[in-house]
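A closer look at the structure
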Amino acid sequence: MAQFKVTPLTPTIGALIEGVDLAQPVSDDLLQAIRQAFLKHQVVFFEDQHITPVQHRDFAARFGALHTHPLYPGVPEAPELFILDNHKDNPTDNDSWHTDVTFIETPPMASILYARRLPPSGGDTIWSNMKAAYEALSPAFREFLASLDAVHDFARGFPTRGIVANAAGEDKHAKAAAEHPPVLHPVIRTHPETGEDGLFVNFGFTERIKGLRRKESDAILNMLFEHIQKPEFLVRWRWSPNAIAFWDNRVTQHYAVNDYLPHRRIMNRATVLGDRPYHRSRLPAGVKAAAE
């Protein structure tokens, strides 16, 4: 713990953690220090980490149960991880702002991405702080949004003729679509650990706002999808070999920059399951938010 160092990358989001070798056993004290940095900075980065897929999986599992993606190919040694292997014949589908796997009832609390192979240049990832984006809205608009739920749809993020669906195959995609009907989540989410509120709609999976006419819903969602891209909310990470990004999926969105083709980029990702999203104002009487 003596060498553990956290260096913020922007005033709003992102920090580099140094003095940690994740190939070595992680003590409970070190794990708690990493978790505190993760909660404070929303996405934390580790450089020059030489870990196996099993070590990657086991580190992620210290934070909770792992999600297995219904479409992406798994890593043979640790099938809970999946592979993002993008090149000229398999371009990325992640070049849109999104929060991971919000098409399930209990979206992930975190994702941990490990760089296995990188292009000569490009292939950065950008994260946006949804607490900061929420707080930049007017109080009246925040109050209005807090009363709303939105539909999150697997089919929006993974359409039948999309890149990932084609790679997975028709039968696998049809099975995944049948097992993941649309779900409702609050437009404003209360973070279960910090108690802070943030936007919880994303271009990748949010189809519409319940109870509004389509034009009204589209106007609000399009405004929010643009709003979260303000530079003041962002951190941009330039990947180096064997680097790791660990982000709080409950209060961030991210965008994989698609500027490196025809070169190849291979990443492994672990995804840690979370809780059912809620907003404090709509909890049943007598029930307190988890962070209170």
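Residues numbered from 1 in each chain as written. Predicted model: local features only at pLDDT ≥ 70, side-chain atom pairs only at ≥ 80, totals over all residues. Heavy atoms only, no water.

Side note on the overall build of the chain
Note the cut-off: Counting from the N terminus, the helices are the DSSP runs of H or I reaching at least four residues and the strands are the DSSP runs of E reaching at least two. Radius of gyration here is computed from C-alpha atoms only, and the compact-globule reference equals 2.2 Å multiplied by the residue count raised to the power 0.38. Classification of residues uses two cut-offs on accessible area relative to the type maximum, computed with a 1.4 Å probe and protein chains only: under 20% is buried, over 50% is exposed, and between them is partly exposed. Any two residues having at least one pair of non-hydrogen atoms within 4.5 Å are treated as being in contact. Surface accessibility in these figures is a Shrake-Rupley result with a 1.4 Å probe; residues are shielded only by whichever protein chains are displayed. Here Asp and Glu are counted as negative and Lys and Arg as positive; His is not counted, and neither are the chain ends. Here the site of a charge means atom NZ of a Lys, CZ of an Arg, CG of an Asp or CD of a Glu.
Across its full length, the chain holds 8 helices and 16 strands. For 292 residues, the compact-globule estimate of 2.2 N^0.38 gives 19 Å, and the chain sits close to it at 19 Å. The principal-axis extent of the C-alpha atoms belonging to the chain is close to 50 × 50 × 35 Å. A buried classification covers 53% of the 292 residues belonging to the chain. Long-range pairs, those at least 24 residues apart, make up 82% of the contacts in the chain with a sequence separation of at least 6. Surface accessibility of the chain: about 13,400 Å² in total, with carbon and sulfur atoms responsible for 51%. Of note, the chain has its 31 positive side-chain charges centred 3 Å away from the centre of its 35 negative side-chain charges.

Some thoughts on the pairing of strand β6 (residues 108–117)
What counts is decided by this rule: A pair of strands is considered paired only if DSSP assigns at least 2 bridges between the two.
Across the 10 residues of β6, 8 count as buried, placing the element largely inside the fold. Relative to strand β16 (residues 265–273), β6 runs antiparallel, the two being bridged by 8 bridges. Counted as the bridge partner of P108 is L273 from β16. Both β6 and strand β14 (residues 244–248) contribute to a ladder of 5 bridges, which runs antiparallel. Bridge assignment links I112 to a residue of β14, and that residue is F246.

Focus on the sheet that holds strand β15 (residues 252–256)
Applied cut-off: Here the axes come from fitting lines to C-alpha atoms, over the contacting stretch only for helices, and the angles between their N-to-C directions go from 0 to 180 degrees.
Pairing is antiparallel in the open sheet, where 3 strands are placed in the order β13-β7-β15. With partners counted over all chains shown, the strands left at the sheet margins are β13 (234–237) and β15, one partner each. Ignoring strand direction, the axes of neighbouring strands in this sheet form an average angle of 20°. Relative to β13, strand β7 (residues 125–129) runs antiparallel, the two sharing 4 bridges. The residue bridging S128 from the neighbouring strand is L234, located in β13.

With respect to the packing of aromatic side chains
Quick reminder of the rule: Any pair of Phe, Tyr and Trp rings, taking the six-membered ring for Trp, is counted once the centres come within 6.5 Å. Such a pair is stacked with planes under 30 degrees apart, edge-to-face with planes over 60 apart, and tilted for the rest. Here, over-ring charges are defined by two tests on the NZ atom of lysine or the CZ atom of arginine: distance to the ring centre within 6 Å, and angle to the ring normal within 35 degrees.
Tallying each qualifying case throughout the model produces 18 aromatic pairs. The ring of Y134 carries the charged tip of R142 above its face, separated from the ring centre by 5.4 Å. The side chain of R189 reaches across the aromatic face of F200, ending 4.9 Å from its centre.

Regarding the pattern of salt bridges
Cut-off, in case you're wondering: When a carboxyl oxygen of Asp or Glu is within 4 Å of a side-chain nitrogen of Lys or Arg, the pair counts as a salt bridge.
Under the counting rule described, the total for this entry stands at 18 salt bridges. Among the salt bridges present, the one from R57 reaches E80, with a minimum N-O distance of 3.7 Å. Taken together, the residues span a long stretch of sequence, with R57 in helix α2 (residues 53–61) and E80 in strand β5 (residues 78–86) at a distance of 23 residues. Of the charged contacts, one joins E193 and R250 as a salt bridge, the two residues approaching to 2.8 Å between their closest N and O atoms. Taken together, the residues span a long stretch of sequence, with E193 in the loop between β10 (188–190) and β11 (197–199) and R250 in the loop between β14 and β15 at a distance of 57 residues. Given the relative accessible area of 30%, E193 is considered partly exposed. Residues participating in the shared-partner salt-bridge network are R35, E193, D248 and R250.

A short note on a negative patch on the surface
Worth spelling out the cut-off: Residues enter patches when they are more than 30% accessible in relative terms and free of salt bridges; like-charged ones are connected within 9 Å and nonpolar ones (Val, Leu, Ile, Met, Phe, Trp, Tyr) within 5 Å.
On the surface, E18, D21, E47 and D48 cluster together to form a negatively charged patch. Summarising the element assignment, D48 is placed in the loop between β3 (43–46) and α2.

Remarks on the nonpolar core
Note the threshold: Nonpolar cores were defined as sets of buried Ala, Val, Leu, Ile, Met, Phe, Trp, Tyr and Cys residues, with membership established by side-chain atoms within 4.5 Å.
One finds L22, I34, F46 and F246 to be the most contacted residues of the largest nonpolar core, which totals 31 residues. Put simply, the parts of the chain that give this core at least two residues each are β2 (15–18), α1 (28–41), β3, α2, β5, β6, β14 and β16. Top element by residues in this core is α1. It accounts for 7 residues. Apart from residues lying up to four places away in sequence, I34 is in contact with F4, I17, V20, L22, F46, F59, F63 and F246.

Points about the sheet that holds β2
Ordered by their spatial adjacency, 8 strands build an open sheet running β1-β2-β3-β14-β6-β16-β5-β4, and the pairing between neighbours is mixed. Strands at the two margins of the open sheet, each flanked by one partner only, are β1 (5–8) and β4 (74–75). Note that β1 and β2 share 4 bridges and pair antiparallel. Looking across to β2, one finds that V6 is bridged to I17.

Some words on the environment of P139
On the secondary structure map, P139 appears in helix α4 (residues 139–145). Using a relative accessible area of 59% as the deciding quantity, one classes P139 as exposed.

As for the side chain of H254
Condition: Counted as a polar contact is a pair of N or O atoms within 3.5 Å, where, for protein atoms, one must be capable of donating a hydrogen and the other of accepting one, and residues adjacent in sequence contribute only when both atoms are in side chains.
Mapped onto the elements, H254 comes out in strand β15. Of note is the side chain of H254, whose polar atom sits 3.2 Å from the side chain of D100. Residues within four places of H254 in sequence aside, it is in contact with S96, W97, H98, D100, T125, I126, W127 and W247.

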